[in-house]
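Residues per chain, in single letters:
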Amino acid sequence: MFNVIMFGPPGSGKGTQSIMVAEKYGLSHISTGDLLRSEVKNGTELGLRVKSILESGELVPDELLIDIFKSAMEKHAGTKGFVFDGFPRTIPQVHDLDQAMAEAKSSISLVICLDVDDEEIISRLLKRAEIQGRKDDTEEVIRNRLSVYQEQTAPLIDFYKEQQKYVCVDGVGSIDDIFSLICGAINRLI
Ligand code: AMP
């Protein structure tokens, strides 16, 4: 299996690029943000519990996420590999993911980070708010999501650097140019 984590701050383009990577390499895309939004939309018990957390830009507690994450993985049993989009975001999630990978007799192959500065992110997400109307795309919530990223998620970078799995690409430019940089990083490994 080839398993890649798409990493980066909110609004760095992880979602768009993850879909393209999954399609090109025949991998299964798992976005925890999409999974959670669908729980909210369907009004499930979990959805009701996490709705206000998503709207505030805080992270959903790790223990609420792991079951839907694992069942999403199970739905793709037999896959050639995964593109993880928005997961892991905390150190406990790194360990949950390692355990899930070990159960699947596999491991993380590569972590690709999209490098985009804060002002570019804020302007992108405000534009996305006009198009998609996501409730967590207001300027105040975007700034909170960025500080949550710095505090809780950015520390994962050192962990994956130590494992020599971490690659950072320039996340500013055309979607196709950024995709070429990502493919370059993947092709060096497969
Ligand atoms: P995203 O679509 O990846 O930007 O995620 C949207 C929101 O879903 C985040 O701001 C969090 O509230 C929640 N979320 C998504 N993935 C995770 C995760 N791995 N851990 C905790 N919360 C998450």
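Further up the page is the structure itself.
My aim in this report is to walk through the structure given alongside it, one point at a time. What you see is a predicted model; the values in this text were computed from it and never measured.

1. A closer look at the packing of aromatic side chains
One pass over the full model with this rule turns up five aromatic pairs. Relative to F87, the ring of F69 lies with its centre 3.9 Å away and its plane at 20 degrees, an arrangement referred to as stacked. Residue F69 is located in helix α4 (residues 62-75), and its partner F87 is located in the loop between β3 (82-85) and α5 (91-103); the two are separated by 18 residues in the primary sequence. Judged by relative accessible area, which is 0%, F69 ranks as buried. A residue is classified by how much of its surface remains accessible, and F87, at 1% relative accessible area, is buried. For the pair F159 and Y160, a centre-to-centre distance of 5.1 Å together with 90 degrees between the ring planes defines the contact as edge-to-face. Through a chain of ring-to-ring contacts, the aromatic side chains of F69, F82, F84 and F87 assemble into a single cluster.

2. Structural notes on the packing of helix α2 (residues 32-41) against helix α3 (residues 45-56)
The N-to-C vectors of α2 and α3 enclose an angle of 115 degrees; their axes lie 8 Å apart at closest approach. Along this stretch, α2 crosses α3, giving a crossing that reads as left-handed. Where α2 abuts α3, its residues L36, R37, E39 and V40 lie against L46, G47, V50, K51 and L54. For the contact of α2 with α3, the class distribution of residues is five nonpolar, one polar and three charged.

3. Here we look at unusual backbone geometry
A cis amide bond links F87 with the next residue in sequence, P88, at an omega value of 5 degrees. Along the polypeptide, P88 turns up in the loop between β3 and α5. Positive phi is not limited to glycine here, since K105 has a value of about 55 degrees. Tracing the backbone through its elements, the reader meets K105 in the loop between α5 and β4 (110-115). Despite not being glycine, Q164 shows a phi value in the positive range, around 55 degrees. Within the secondary structure, Q164 is located in the loop between α8 (156-162) and β5 (166-170).

4. What about empty space enclosed by the protein?
In total, this model carries one cavity of 30 Å³ or more according to the counting rule given. Put simply, the largest cavity is a space of about 70 Å³. Lining the largest cavity, in full, are I5, M6, F7, G8, K14, G86, F87, P88, R89, Y149 and T153. Of all the secondary structure elements, the ones that give two or more residues to the lining of the largest cavity are β1 (4-7) and α7 (139-153). Counting residues per element, the lining of the largest cavity draws most heavily on β1, at three residues. Residue classes in the lining of the largest cavity are distributed as six nonpolar, three polar and two charged.

5. Examining the sheet that holds β4
Read across the open sheet, the five strands follow the order β2-β3-β1-β4-β5; overall the sheet is parallel. Strands at the two margins of the open sheet, each flanked by one partner only, are β2 (28-31) and β5. On average, each strand axis in the sheet is tilted by 20 degrees relative to the strand beside it, whichever way the strands run. Relative to β4, β1 is paired through four bridges, and the arrangement is parallel. Across the sheet, residue F7 finds its bridge partner in β4, namely C113. With respect to the sheet, α2 is in contact with β2 and β3, its orientation differing from that of β2 by roughly 60 degrees.

Here is what the cut-offs are and how they apply
- Residues numbered from 1 in each chain as written.
- Predicted model: local features only at pLDDT ≥ 70, side-chain atom pairs only at ≥ 80, totals over all residues.
- Heavy atoms only, no water.
- Phe/Tyr/Trp six-rings, centres within 6.5 Å; stacked < 30°, edge-to-face > 60°.
- Helix = DSSP H or I, 4+ residues; strand = E, 2+ residues; numbered from the N terminus.
- Buried < 20%, exposed > 50% of the residue type's maximum accessible area, 1.4 Å probe, protein only.
- Axes fitted to C-alpha atoms, helices over the stretch in contact; angles between N-to-C directions.
- Left-handed = near helix turned anticlockwise from the far one by under 90°.
- Contact = heavy atoms within 4.5 Å.
- Nonpolar A, V, L, I, M, F, W, Y, C, P; charged D, E, K, R; others polar.
- 1 Å grid on protein atoms, 1.4 Å probe; cavity = no way out; pocket = protein on both sides within 12 Å on 5 of 7 lines; lining within 4 Å.
- Points joined across faces, edges and corners; volume = space filled by probe spheres on them.
- Pairing = 2+ DSSP bridges.

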